[in-house]
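# Report on the structure
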Amino acid sequence: MRLRLAIALLFLRATAAAPATLAIVNARVWTGDPARPFAEAIATSGDRVLAVGSNAGIRALAAGTVIDGAGATLTPGFIDSHIHLLVFDRNRPYPPIFMRYLTTRRQVADRISAYAAKLPKGAWILGEDWTDALWAVQPPSRAWLDRIAPDHPVWLTRIEGASGIANSAALRAAGFGAQTPGLVGGGNMWRIEAAIIEPFRERDERIVEHAMDLLLRAGVTSAQHNNAWYDFLILRRLHQAGRRRIRVYDSPPLPAWERLRDYIREFGRGDAWMHWGGLKGFTVVTEPDYYRWVSGASSCGLQVMVHLGSEAELRTLLGVFLRVRREQHLADPRFRLEHAHDLPPDVIPLVAEARAIPSWQPALLAHFAARTAAGQLAPRNLFPARAVLDAGVKIAFGTDSSPAYSLVAPVQTLQIAMEHAMSLDQALRAHTLDAAYAEFAENEKGSLQAGKLADFVLFDRDLSRLPVHQIHEAKVRLTVVGGRIMYDSR
Ligand SMILES: [Zn+2]
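Description of the structure in this document. These numbers come from a predicted model, not from an experiment.

Angles between donor atoms at a metal ideally measure 109.5 degrees for a four-coordinate tetrahedral arrangement and either 90 or 180 degrees for a six-coordinate octahedral one. Bound to the zinc ion are the protein donor atoms His82 (NE2), His84 (NE2) and Asp400 (OD), situated 2.1 to 2.2 Å from the metal. As a motif over one chain, the donors of the zinc ion read H-x1-H-x315-D. One end of the pair, His82, is in strand 8 (residues 78-83); the other, Asp400, is in the loop between strand 21 (396-397) and helix 15 (410-419), with 318 residues separating them in the sequence. The exposure class assigned to His82 is buried, which follows from its relative accessible area of 0%.

Below is the structure:
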């Protein structure tokens, strides 16, 4: 019955929808769809997959361009679940003043004065990570900052990033009136940040567009970016301008989760090209902080991902995840464990119980394995793929690349994973469908089925026939995003 319904639906889609605009035939299609793991051909209509099937069936639908796949592998577009498309102001000669360990107003004033003496008038002076303890009684006034740096916009953000202090030059640059108080929080922060990114925006947009081109050449059609709020703004500007070539899921910093909640209330969660709703935590500092942030973010339906270092951090964080999941009765939180390559056997059931997703970057794993072999790291439980998958846990692959500086191609990631005892099928799944799951988008992308987004990659050879050590030699022939050929090596 279900099968008949599926066939009827396929027929309906194939006839009722617009005719196929692009068809690839004679390929070895790995669909990622358990109901039909392999096919010979695929057709698209608009930005969606029209049908996946036999050569004859697809040829019958084809009305537009038909490309001969020459027996090579065709997969869903790769999804990089951990990437940095840009790092705002990586090239800045004067980085933000790090204020966490400053203890007096005098120290703050000295640091700002030193920058003001070196920087041209009008250049932004940024500071971050101040705590309430620094100011003793109350935060400094706008007038106090004006006396130290009258000619430079100054913007100092609090440790959790949900508020900041601005001087008059900063408020002017952001278009605020003379009466605005210097302590700024909520939606007004966006106006200040938009003014900060403006001098660098075009340069950064070019960096992102270049990164997208490099990713398309490698077969990546979706990227899960995490970093600063500035990056979020830059990516949003590109998105709003329609200058998008790959899909993006953005996760700004976790501690200021209220900012994302408020942004979503005003602007929603995005579309198929760019969406948001995740937050990234960095090193686990204290358990109470993490509990506060994770429970706050989860209570308004935001996804939490956290960068992990030590095993102790992993255990602390899983404790927090389990507690929040229990307290809030979260059915499907998809908490994410970034860089959790090291999973001791007793931790794996906790990962399953928390419904967490290990986000792995196999290219980093090779680096850890080499250091372990050289005796620089204690032996650990690196990359226990079999045990993780057997526990019913999904793994999301990524690279931690900054594409403009260095890019790990999906074929390299696949090869490393296969060298660590994963099958081609498992590795492909982690880099496509399960990476889509990790951004709550598995119903839209990550596998090739009628109605899903037409994001796919045609290689120049059949990956399943290659010895493992040659997987990385496969080249991308064609990358299609939303039914459009975005990269063509021919
Ligand atoms: Zn990273």
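Read on, since the account is not over.
Let us look at the packing of aromatic side chains. Evaluated as defined, the whole model comprises 16 aromatic pairs. Taken together, a centroid distance of 6.5 Å and an interplanar angle of 20 degrees make the contact between Phe383 and Phe397 stacked. In this pair, Phe383 sits in the loop between helix 13 (362-373) and helix 14 (385-390) while Phe397 sits in strand 21, placing the two residues 14 residues apart along the sequence. Of the two residues, Phe383 and Phe397, neither departs from the other in class, the shared state being buried. Positioned above the aromatic ring of Trp144, the side-chain terminus of Arg105 is 5.6 Å from the ring centre.

Moving on, we come to the environment of Phe321. Considering the arrangement of structural elements, one finds Phe321 in helix 11 (residues 311-328). Using a relative accessible area of 0% as the deciding quantity, one classes Phe321 as buried. Expressed as a C-alpha distance, the spacing of Phe321 and Ala123, which sit 198 residues apart in the sequence, is 42 Å. Excluding residues that lie within four positions of it along the chain, Phe321 makes contacts with Val294, Val304, Val306, Phe335, Arg336, Leu337 and Ala354.

Once that is clear, we can look at the sheet that holds strand 15 (residues 247-251). Strand order in the open sheet made by the 4 strands is 8-14-15-16, with parallel pairing throughout. Each end of this open sheet is capped by a strand with a single partner; those strands are strand 8 and strand 16 (274-276). Taking each pair of neighbouring strands and ignoring which way they run, the sheet shows an average axis angle of 15 degrees. Inspection of the sheet shows strand 15 paired to strand 16 by 3 bridges, in the parallel sense. Note that in strand 16 the partner of Tyr249 across the bridge is His275.

Right, let's talk about the packing of helix 13 against helix 15 for a bit. Contact geometry of helix 13 with helix 15 gives a least axis separation of 8 Å together with a crossing angle of 50 degrees. Classified by the interaxial angle, the pair formed by helix 13 and helix 15 is oblique. Here helix 13 and helix 15 pass one another in a crossing that is left-handed. In this structure, helix 13 uses Pro362, Ala363 and Leu365 to contact helix 15, whose residues at the interface are Thr413, Ile416 and Ala417. Classifying every residue of the contact of helix 13 with helix 15 by side-chain character gives 5 nonpolar, 1 polar and no charged.

A few words now on unusual backbone geometry. For Asn26, which is not a glycine, the phi torsion comes out positive at approximately 60 degrees. Mapping Asn26 onto the fold places it in the loop between strand 1 (20-25) and strand 2 (28-30). Judged by relative accessible area, Asn26 falls into the partly exposed class, the value being 34%. Unusually for a residue other than glycine, Asp129 sits at a positive phi of about 75 degrees. Tracing the backbone through its elements, the reader meets Asp129 in strand 10 (residues 125-130). The exposure class assigned to Asp129 is buried, which follows from its relative accessible area of 12%.

Rules and cut-offs
Residues numbered from 1 in each chain as written. Predicted model: local features only at pLDDT ≥ 70, side-chain atom pairs only at ≥ 80, totals over all residues. Heavy atoms only, no water. Donors = N, O, S within 2.8 Å, 3.2 Å for Na, K, Ca; no water. Helix = DSSP H or I, 4+ residues; strand = E, 2+ residues; numbered from the N terminus. Buried < 20%, exposed > 50% of the residue type's maximum accessible area, 1.4 Å probe, protein only. Phe/Tyr/Trp six-rings, centres within 6.5 Å; stacked < 30°, edge-to-face > 60°. Lys NZ or Arg CZ within 6 Å of the ring centre and 35° of its normal. Contact = heavy atoms within 4.5 Å. Pairing = 2+ DSSP bridges. Axes fitted to C-alpha atoms, helices over the stretch in contact; angles between N-to-C directions. Parallel < 35°, antiparallel > 145°, perpendicular 65-115°, else oblique. Left-handed = near helix turned anticlockwise from the far one by under 90°. Nonpolar A, V, L, I, M, F, W, Y, C, P; charged D, E, K, R; others polar.

So, to be careful, I would describe these as geometric facts and stop short of saying anything about function.
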